[in-house]
Amino acid sequence: MDLTFNERELAFRDELRAWLETHEPGDEPADDTASYHWRREWQGRLHEGGWAAVHWPKEYGGRGAGVTESAIFYEELARARAPLPANALGILMGGPTLMLWGTDEQKDRFLEPILSGEEIWCQGFSEPEAGSDLAALKTRAVKDGDDWVVTGQKVWTSGAQYSKWCMLVARTDQDQPKHKGLTYFLMDMEQAEIQVRPLRQITGEAEFNELFIEGARIPDENVVGGVGNGWKVALTTLMNERAGLAFFLQVRLRQLLDELIEEAAARGLLEDPVVADRLGELHIKAEVLRLTAYRGLTVMEKYGQPGPEGSLTKWMWSETNQQLVQLAADLLGPEALTSGTRWSYELLRARGNSIEGGTTEILKNIVAERVLGLPRMR
Ligand SMILES: Cc1cc2nc3c(=O)[nH]c(=O)nc-3n(C[C@H](O)[C@H](O)[C@H](O)COP(=O)(O)OP(=O)(O)OC[C@H]3O[C@@H](n4cnc5c(N)ncnc54)[C@H](O)[C@@H]3O)c2cc1C
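Everything in this summary refers to the structure shown in the same document. Please read these numbers as outputs of a predicted model, since none were measured by experiment. (Residues numbered from 1 in each chain as written. Predicted model: local features only at pLDDT ≥ 70, side-chain atom pairs only at ≥ 80, totals over all residues. Heavy atoms only, no water.)

## Focus: the packing of aromatic side chains
Under the definition given, this model contains 9 aromatic pairs. Linked through ring pairs, Phe110, Trp121 and Trp165 together constitute an aromatic cluster. The residue whose ring lies beneath Arg63 is Trp51, and the NZ or CZ to ring-centre distance is 3.6 Å. Seen from the ring of Trp343, Arg342 lies directly overhead, with NZ or CZ sitting 5.7 Å from the centre. (Phe/Tyr/Trp six-rings, centres within 6.5 Å; stacked < 30°, edge-to-face > 60°. Lys NZ or Arg CZ within 6 Å of the ring centre and 35° of its normal.)

Below, the structure is given as structure tokens:
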């Protein structure tokens, strides 16, 4: 693909840059809840300016931005040190899933509050015994009149403590083979039958939660993509997760690397050939990642949906980010290991990179089978 910006793309970039200059997000508050409110308020401002989801079609409130404009959007957001909107899961995953599988009524009802941040979304897929092997999930939904009654447990549910809607995959037919008996629902989180328990992470934050669901109700009209079709709908959500987030994350990685180079320069470490070599390797990986992320966006533009290439970008990003923070620890020593410092946070948070959004082992399986066409293990 041609990576030079044309006039339209340059105009888009300049308009966004000008907007970001007059709408600074400010510094992120240290406290979890305050940080969430800060990101939600930021999303409201993006929405008012028409920037909440540039890649969404115009008919759904987006800008109908193409591949390069979407890339510019993420690059400029990261350049302005602006955060992802509070409802990133709704914008990147929930909205695109509804656009493909939802009914007209569902699109009318749900898309606008996703964009404005009025209703926050979370993803209720993983369970204690079903993470990588998602189709083994046991949460059950049983039909009762016009409703479904849900019982089960979810885990790792990011942002559930703030969410109004949960993209829930549940088993609706016990007699079907495991991938076939699943249904995708939109579950209202504001029910006494759902208990949300935050899980404290190694960083001290509680980004994700356990969900205990005992008889929560979901009306039939909140089934997405048809009863028994949950596996296919869930794959749409997962592929959008990898392709969408990967682009933002690769820009963040570039910034972090530039900061590390500055730190190393300030300590006179760039003269050390071993340090220069390790930083050089990271620079090359960051560039490869950037170009691969562009390729992923091209696939989306060509076929309308993300392809398995997003798995490759996500895998490369997590490996490179972990390598980067390890190098920071090697170069900065105790400073990077002292609790409460910027680099200690990055070092600890990066541990989850190779698990979240699909573990590296699973992503390698996907790349082997679906990108390279190697024979299946099973
Ligand atoms: C920060 C963070 C946020 C998250 N947010 C959410 C969220 O919002 N919603 C949600 O639903 N989930 C979320 N997750 C969960 C995440 O998707 C799961 O942790 C992930 O899918 C792995 O599942 P698991 O933890 O059950 O590990 P397991 O599936 O039990 O895997 C354990 C180990 O075995 C390996 N393994 C398993 N199967 C295979 C195989 N076939 N071949 C090779 N190796 C294999 C895995 O790679 C891993 O190393 C989040 C996770 C993190 C870290």
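## A short note on the side chain of Thr139
Within the secondary structure, Thr139 is located in the loop between strand S1 (121-124) and strand S2 (140-144). At a separation of 3.4 Å, a polar atom in the side chain of Thr139 contacts the main-chain amide nitrogen of Gln153. Sequence-distant contacts of Thr139, defined by excluding residues within four places in its chain, comprise Glu127, Val150, Thr151, Gly152, Gln153, Lys154, Ala170 and Arg171. (Helix = DSSP H or I, 4+ residues; strand = E, 2+ residues; numbered from the N terminus. Polar contact = N/O pair within 3.5 Å; in protein donor to acceptor, adjacent residues only side chain to side chain. Contact = heavy atoms within 4.5 Å.)

## Remarks on the pattern of salt bridges
Enumeration over the complete set of coordinates arrives at 27 salt bridges. With a shortest N-O distance of 3.6 Å, Asp14 and Arg13 are connected by a salt bridge. Its relative accessible area of 41% is what places Asp14 among the partly exposed residues. Note that Glu259 and Arg342 form a salt bridge whose closest N and O atoms lie 2.4 Å from each other. Separated by 83 residues along the polypeptide, Glu259 in helix H6 (residues 230-266) and Arg342 in helix H10 (residues 342-349) bring together distant segments of the chain. Within this structure, Arg81, Glu259, Arg342 and Glu346 form a network of salt bridges that share partners. (Salt bridge = Lys/Arg side-chain N within 4 Å of Asp/Glu carboxyl O. Buried < 20%, exposed > 50% of the residue type's maximum accessible area, 1.4 Å probe, protein only.)

## Re the site of the ligand
Taken together, the neighbourhood of the ligand is formed by 17 residues, with Gln123, Ser132, Ser158, Thr359 and Glu361 sitting nearest. Take Ser132: an N or O atom from its side chain is 2.6 Å from an oxygen atom of the ligand. Here an oxygen atom of the ligand sits 2.6 Å away from a polar atom, N or O, in the side chain of Thr359. Within the complex, 68% of the 990 Å² of free accessible area of the ligand lies under protein. With 3 residues, the top contributor of residues to the shell around the ligand is helix H11 (residues 360-371). Of the residues contributing to the shell around the ligand, the split by class is 5 nonpolar, 9 polar and 3 charged. (Near = heavy atom within 4 Å. Areas by Shrake-Rupley, 256 points an atom, 1.4 Å probe, with all protein chains shown as cover. Nonpolar A, V, L, I, M, F, W, Y, C, P; charged D, E, K, R; others polar.)

## Topic: the environment of Gln174
Among the structural elements, Gln174 can be located in the loop between strand S4 (165-171) and strand S5 (182-188). Judged by its relative accessible area of 44%, Gln174 falls in the partly exposed class. In this structure, the C-alpha to C-alpha distance between Gln174 and Val196, residues 22 residues apart in sequence, is 26 Å.

## What about the environment of Glu9?
Inspection of the secondary structure puts Glu9 in helix H1 (residues 7-22). Residue Glu9 is classed as buried on the basis of its relative accessible area of 13%. For the pair Glu9 and Leu182, spaced 173 residues apart in the sequence, the C-alpha separation amounts to 42 Å. The contact partners of Glu9, leaving out residues within four places of it in the chain, are Thr4, Thr68, Glu69 and Ile72.

## Section: the packing of helix H4 (residues 88-101) against helix H5 (residues 104-116)
Here H4 crosses H5 at 165°, and the two axes come no closer than 10 Å. In terms of their interaxial angle, H4 and H5 are classed as roughly antiparallel. For the pair H4 and H5, the sense of crossing is left-handed. Contacts between H4 and H5 involve Gly90, Ile91, Gly94, Gly95, Leu98 and Met99 on the former and, on the latter, Gln106, Lys107, Phe110, Leu111 and Ile114. (Axes fitted to C-alpha atoms, helices over the stretch in contact; angles between N-to-C directions. Parallel < 35°, antiparallel > 145°, perpendicular 65-115°, else oblique. Left-handed = near helix turned anticlockwise from the far one by under 90°.)

## Brief notes about the environment of Leu312
Tracing the chain through its elements places Leu312 in helix H8 (residues 309-332). Using a relative accessible area of 21% as the deciding quantity, one classes Leu312 as partly exposed. Between the C-alpha atoms of Leu312 and Thr360, which are 48 residues apart in sequence, the distance is 9.3 Å. Those residues within four positions of Leu312 in sequence are excluded, and the remaining contacts are Thr292 and Val367.

## A look at the side chain of Ser163
Assignment of secondary structure puts Ser163 in the loop between strand S3 (147-154) and S4. Since its relative accessible area comes to 8%, Ser163 is described here as buried.

## Describing unusual backbone geometry
Phi at Arg81 is positive, roughly 55°, even though this residue is not glycine. Within the secondary structure layout, Arg81 lies in the loop between helix H3 (67-79) and H4. Of the residues examined, Arg81 reaches a relative accessible area of 47% and is grouped as partly exposed. Positioned with a positive phi, Trp156 is a non-glycine residue whose angle comes to about 65°. Note on placement: Trp156 falls in the loop between S3 and S4.

## Overview of the nonpolar core
Core analysis: the biggest nonpolar cluster contains 54 residues, and Trp56 and Tyr184 have the highest contact counts within it. Excluding residues that lie within four positions of it along the chain, Trp56 makes contacts with Gly62, Arg63, Gly64, Gly90, Ile91, Gly95, Pro96, Met99, Leu111, Ile114 and Leu115. Ranked by size, the runner-up nonpolar core spans 23 residues in total, among them Ala286, Ala328, Ala329 and Leu347. (Core = buried A, V, L, I, M, F, W, Y, C linked by side-chain atoms within 4.5 Å.)

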